[in-house]
Amino acid sequence: MNEKFKALGFYPADILLPKDADMTKWAVVACDQFTSQPEYWQAVEETVGGASSTLRLILPEAKLNDPEVDSCIAGINESMGAYLDQGVFKTLPESLIYIERTQSDGRVRRGLIGMVDLEQYDFTPGSGALIRATEGTVLSRIPPRVRVRQDAPIELPHVMLLIDDPERTVIEPLAGGDMEKLYDFDLQQGGGHLTGWRLAAAQTDAVADALAGLCTEAEMEKKYGMKGAAPLLFAVGDGNHSLATAKQCYENLKKVTPESEWAALPARYALVEVVNNHDGALTFEPIHRCVFGVEPEALLEAFKAYYPGACEGRGEGHTIAYTYAGHTGFVTVPRPKVQLAVGTLQAFLDGYVKDHGGEIDYIHGDEVTDELGSKPGNIGFKLPAMGKEQLFKTVMADGVLPRKTFSMGHAQDKRYYVEARKIK
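Rules of the game
Residues numbered from 1 in each chain as written. Predicted model: local features only at pLDDT ≥ 70, side-chain atom pairs only at ≥ 80, totals over all residues. Heavy atoms only, no water. Pairing = 2+ DSSP bridges. Helix = DSSP H or I, 4+ residues; strand = E, 2+ residues; numbered from the N terminus. Phe/Tyr/Trp six-rings, centres within 6.5 Å; stacked < 30°, edge-to-face > 60°. Buried < 20%, exposed > 50% of the residue type's maximum accessible area, 1.4 Å probe, protein only. Lys NZ or Arg CZ within 6 Å of the ring centre and 35° of its normal. Core = buried A, V, L, I, M, F, W, Y, C linked by side-chain atoms within 4.5 Å. Contact = heavy atoms within 4.5 Å. Axes fitted to C-alpha atoms, helices over the stretch in contact; angles between N-to-C directions. Parallel < 35°, antiparallel > 145°, perpendicular 65-115°, else oblique. Left-handed = near helix turned anticlockwise from the far one by under 90°. Nonpolar A, V, L, I, M, F, W, Y, C, P; charged D, E, K, R; others polar.

Participant: Before we move on, could you go through the pairing of strand S12 (residues 193–198) and cite the residues and values that matter?
Facilitator: Pairing analysis gives 6 bridges linking strand S5 (residues 97–102) to S12, with the strands arranged antiparallel. Looking at the pairing, Glu100 lines up with Thr195 of S12. Relative to S12, strand S11 (residues 180–186) runs antiparallel, the two sharing 6 bridges. Paired with Lys181 across the strands is Trp197, a residue of S12. In textbook terms, the turn of a hairpin is the stretch between consecutive antiparallel strands, and for S11 and S12 this stretch comprises 6 residues, one of which, Gln189, has a positive phi near 60°.

Participant: So what about the packing of aromatic side chains? Which residues, and what values?
Facilitator: According to the stated counting rule, one finds 18 aromatic pairs in the structure shown. With a centroid separation of 5.8 Å and 70° between ring planes, the pair formed by Tyr183 and Phe185 is classed as edge-to-face. Among the residues examined, Tyr183 registers a relative accessible area of 4% and is labelled buried. On the accessibility criterion, Phe185 (7% relative accessible area) is buried. Grouped by ring-pair contacts, the aromatic residues Phe303, Tyr306, Tyr307, Phe348 and Tyr352 constitute a single cluster. Over the aromatic face of Trp262 sits the side chain of Lys254, whose NZ or CZ is 4.5 Å from the ring centroid.

Participant: Give a detailed account of the side chain of Glu273, specifying residues and quantitative values.
Facilitator: Counting through the fold element by element, Glu273 comes out in strand S14 (residues 269–276). Given a relative accessible area of 1%, Glu273 falls into the buried group.

Participant: Explain the nonpolar core residue by residue, including any values.
Facilitator: In this structure, Phe10, Leu161, Tyr183, Leu211 and Leu243 are the most contacted members of the largest nonpolar core, which totals 91 residues. What Leu161 contacts, discounting residues up to four positions off in sequence, is Val116, Ile131, Phe234, Ala235, Val236, Gly237, Leu243, Val272, Glu273, Val274 and Val275. Listed in part, the 43 residues of the second largest apolar core include Phe284, Leu299, Phe348 and Met386.

Participant: For the packing of helix H4 (residues 142–149) against helix H7 (residues 240–254), give the residues involved together with the corresponding values.
Facilitator: Between H4 and H7, the least distance of the axes is 9 Å, while the angle of their chain directions is 70°. Here H4 lies roughly perpendicular to H7, going by the angle between them. H7 is crossed by H4, and the crossing has right-handed handedness. Each of Ile142, Arg145, Val146 and Arg149 in H4 lies in contact with H7, whose residues at this interface are His241, Ala244, Thr245, Ala246, Gln248, Cys249 and Asn252. Within the contact of H4 with H7, the residues separate by chemical class into 5 nonpolar, 4 polar and 2 charged.

Participant: Describe unusual backbone geometry, naming the residues involved and giving the relevant values.
Facilitator: One non-glycine residue, Glu94, lies in the positive phi region at around 45°. Along the chain, the position of Glu94 falls in strand S4 (residues 89–95). With a relative accessible area of 43%, Glu94 lands in the partly exposed category. The backbone of Gln189 sits at a positive phi, close to 60°, despite the residue not being glycine. With respect to the helices and strands, the residue Gln189 is situated in the loop between S11 and S12.

Participant: Hey, could you go over the sheet that holds strand S16 (residues 288–292) for me, with residue numbers and the actual values?
Facilitator: The 6 strands lie next to each other as S17-S19-S18-S21-S16-S20, forming an open sheet whose pairing is antiparallel. The sheet terminates laterally at strand S17 (311–312) and strand S20 (359–363), the two strands that pair on one side only. When S16 meets S20, the two strands line up antiparallel, connected through 5 bridges. Across the sheet, the residue bridging to Arg289 is Tyr362, located in S20. In the packing of helix H8 (residues 296–306) onto the sheet, the strands contacted are S16, S17, strand S18 (318–324), strand S19 (327–333) and strand S21 (378–382), and the crossing angle to S21 comes to about 45°.

These figures capture arrangement, not role.
Given below as structure tokens:
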């Protein structure tokens, strides 16, 4: 391995790409998208037909609780083995791939494909690891995903890690460089366009040097005002539970493998895409809350009692909009103890529904939140968007964000599976 990357938890990887495939049919969107829209996945099925495709190598999460899920997983593993045996893949040894993704809105998002060392990743709140979760990890979501990964011979990534690089020193200098073009094609189902290049040796070294510059003590103090804090180099933007699943599978292997052999385990590493948090095409959208089966006015009064000093209307502090049958308004919590309004709201709601009943759902879009919140027995809360510049500072200060704090762009702009890597 390239020694320049040793202290970064991130490395070039032996990346698998199809030798000869219709790339539009090969690439499909991340498995955790369109989970409530079976018609989307049916359209993908019809587009792919009998062609080689990552559709045969992933389990759409809409099927995760299907009664036939075990046979689906076995079929996926069989397809992975068949693709390897039939020579569908070519290997790019010790490689990083620079990609440009034209999104559905026409903007271009830049990324870098490599692998992370799972020894350097921790999803525990308050961790000082180089690679950290941004949102709370729901432990109950990991075991069913472990069943998908534990016997798979290869992995396909939809994990996106973010770096806090306001000076654009790592990824952006690669644009327009002299590199080997690997693919250039339209993505199916309105996903935009994708182009990828393999970095040359000098560019790979430059990436390592730039990443090292982001996690110095001076840089941590400059950006976050924290002296002596453990450096945070990568924050998980998308795919937190997938990365946590990879970590769990690796930890399971460690229990039956001599420690002297851990470094050689392919499962110790996970393929990811790295994106600059300051990329102009990367957008954060708020995820709102709707509470079902409650008395809205009683809930609002309890909220104000939970935070003494909270008042109706807009003011200084965390201001949250609400909608219930025949009513709209704002409530403000002054002098909040956490960085984000979503943290203020979630801390109250979790305790309230536990004590009084009701159910919380997580909603994308203002109109849908207002529509659901206005129905009898419901109340919707609309949260302000989190500025991208708040992400790393909040994780450094508060540990992790509340679950479902933000969404990175629209579903069709999520990662599509293209690259793969052997994990056995």
